[in-house]
Each structure stands twice: as structure tokens, then as C-alpha cells.
Amino acid sequence: METHQLFKQAHEAAAQGFYSEASRLLEKSLRLDPDHVPSHKQLAFVLRMMGNLKEALAHRLEVKRLDPSDLGNRYHLANLYFLLGDKEEALQEVEQILALEPRNKNFYALKDVITTRH
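Scoring rules and cut-offs
Residues numbered from 1 in each chain as written. Predicted model: local features only at pLDDT ≥ 70, side-chain atom pairs only at ≥ 80, totals over all residues. Heavy atoms only, no water. Phe/Tyr/Trp six-rings, centres within 6.5 Å; stacked < 30°, edge-to-face > 60°. Helix = DSSP H or I, 4+ residues; strand = E, 2+ residues; numbered from the N terminus. Salt bridge = Lys/Arg side-chain N within 4 Å of Asp/Glu carboxyl O. Buried < 20%, exposed > 50% of the residue type's maximum accessible area, 1.4 Å probe, protein only. Contact = heavy atoms within 4.5 Å. Expected span 1.5 Å × (residues − 1). Arc of directions from axis to C-beta.

To continue, consider the packing of aromatic side chains. Tallied over the full model, the rule gives two aromatic pairs. Judged by centre distance (6.3 Å) and plane angle (75°), the ring pair of Tyr-19 and Phe-45 falls under edge-to-face. Of this pair, Tyr-19 sits in helix α2 (residues 19-32) while Phe-45 sits in helix α3 (residues 37-49), and the two are 26 residues apart along the sequence.

If you want it as C-alpha cells, here you go:
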């Protein structure tokens, strides 16, 4: 089975809440194509839903390496850093995006959350 088919099946499984199955399919997809950005993004989502924040972070970092311009991924990356208690990394990620996109309201909102919560 090819990467795209595995990704599609995993996406459908995740949409139905079958996260373990989705995770298994996405890992198989990434063995076939380790640089498949959609699989990394979907696996990060699935792992987060399963409570595996550190593993989700690893896949968000891989997406950042492969596609640093993906602002949605960068938002989720900053959020994961924050949820893991690394406010400094979260804030650094947000600041990097705001330097490139100073009008991005979502990142300002996230920055406010990061800087106001203890």
C-alpha cells in the first residue's frame, strides 16, 4: 500500500476516534516516506489526542524542519511547548512567527496565553 492510501485510511480512522489504528497506519506511512508532511501532521494530532504530547512534539518539529513556512504547524508546535511546560520555547516560536507575520492575530492570542499563565 502506498503512502497516500495509508494516510487517507489513517485520516478516516482518526476522524472516527480510532486513534490507535490511525497511529499504526501513519507510522507505516512514514516508514514508506519519512518526509511525508501530512502524515507527520496527522500523527502529531493523533498522538496529542492520545495524550502523548512529547511524541506529538517530535512530529511537529519534523514538520517544521520539512516545511518551516507552515504557520498552522508552528502554532501547534508553540502550543505543545506550552502544554509541556516549556514557556520559553513556546514564546520563542511565537516571536519567530510574529517577526515574519506581525499581523497574525492567532499568534498574538497565543502569546497572551503564554505570558499570562503561570
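What follows covers the pattern of salt bridges. Here the structure, examined in full by the defined rule, presents seven salt bridges. One salt bridge connects Asp-70 with Lys-41, and the closest N-O pair in it is separated by 2.7 Å. Linking Asp-70 in the loop between α4 (53-66) and α5 (71-83) with Lys-41 in helix α3, this pair joins segments that are 29 residues apart in sequence. For Asp-70, a relative accessible area of 13% gives the class buried.

This next bit is on the environment of Phe-107. Turning to its location among the elements, Phe-107 is positioned in helix α7 (residues 105-116). Since its relative accessible area comes to 2%, Phe-107 is described here as buried. Placed ten residues apart in sequence, Phe-107 and Ile-97 show a C-alpha to C-alpha distance of 7.6 Å. The residues contacting Phe-107, other than those within four sequence positions of it, are Leu-71, Arg-74, Tyr-75, Val-94, Ile-97 and Leu-98.

Attention now moves to helix α1 (residues 3-15). What sets the pattern is the α-helix's 3.6 residues per turn: residues three or four places apart point alike. Here α1 spans 18 Å end to end across 13 residues, near enough to the 18 Å set by a 1.5 Å rise per residue. For α1, the complete set of buried residues consists of Thr-3, Leu-6, Phe-7, Ala-10, Ala-13 and Ala-14. Looking straight down α1, one finds that the buried residues subtend no more than 125° of arc, so they occupy a single side. Away from its buried face by more than 90 degrees, α1 exposes His-4 and Ala-15. Packed against the buried residues of α1 are α2 and α3. Count one or two residues on from α1 and you reach Gly-17, which has phi positive near 85°.

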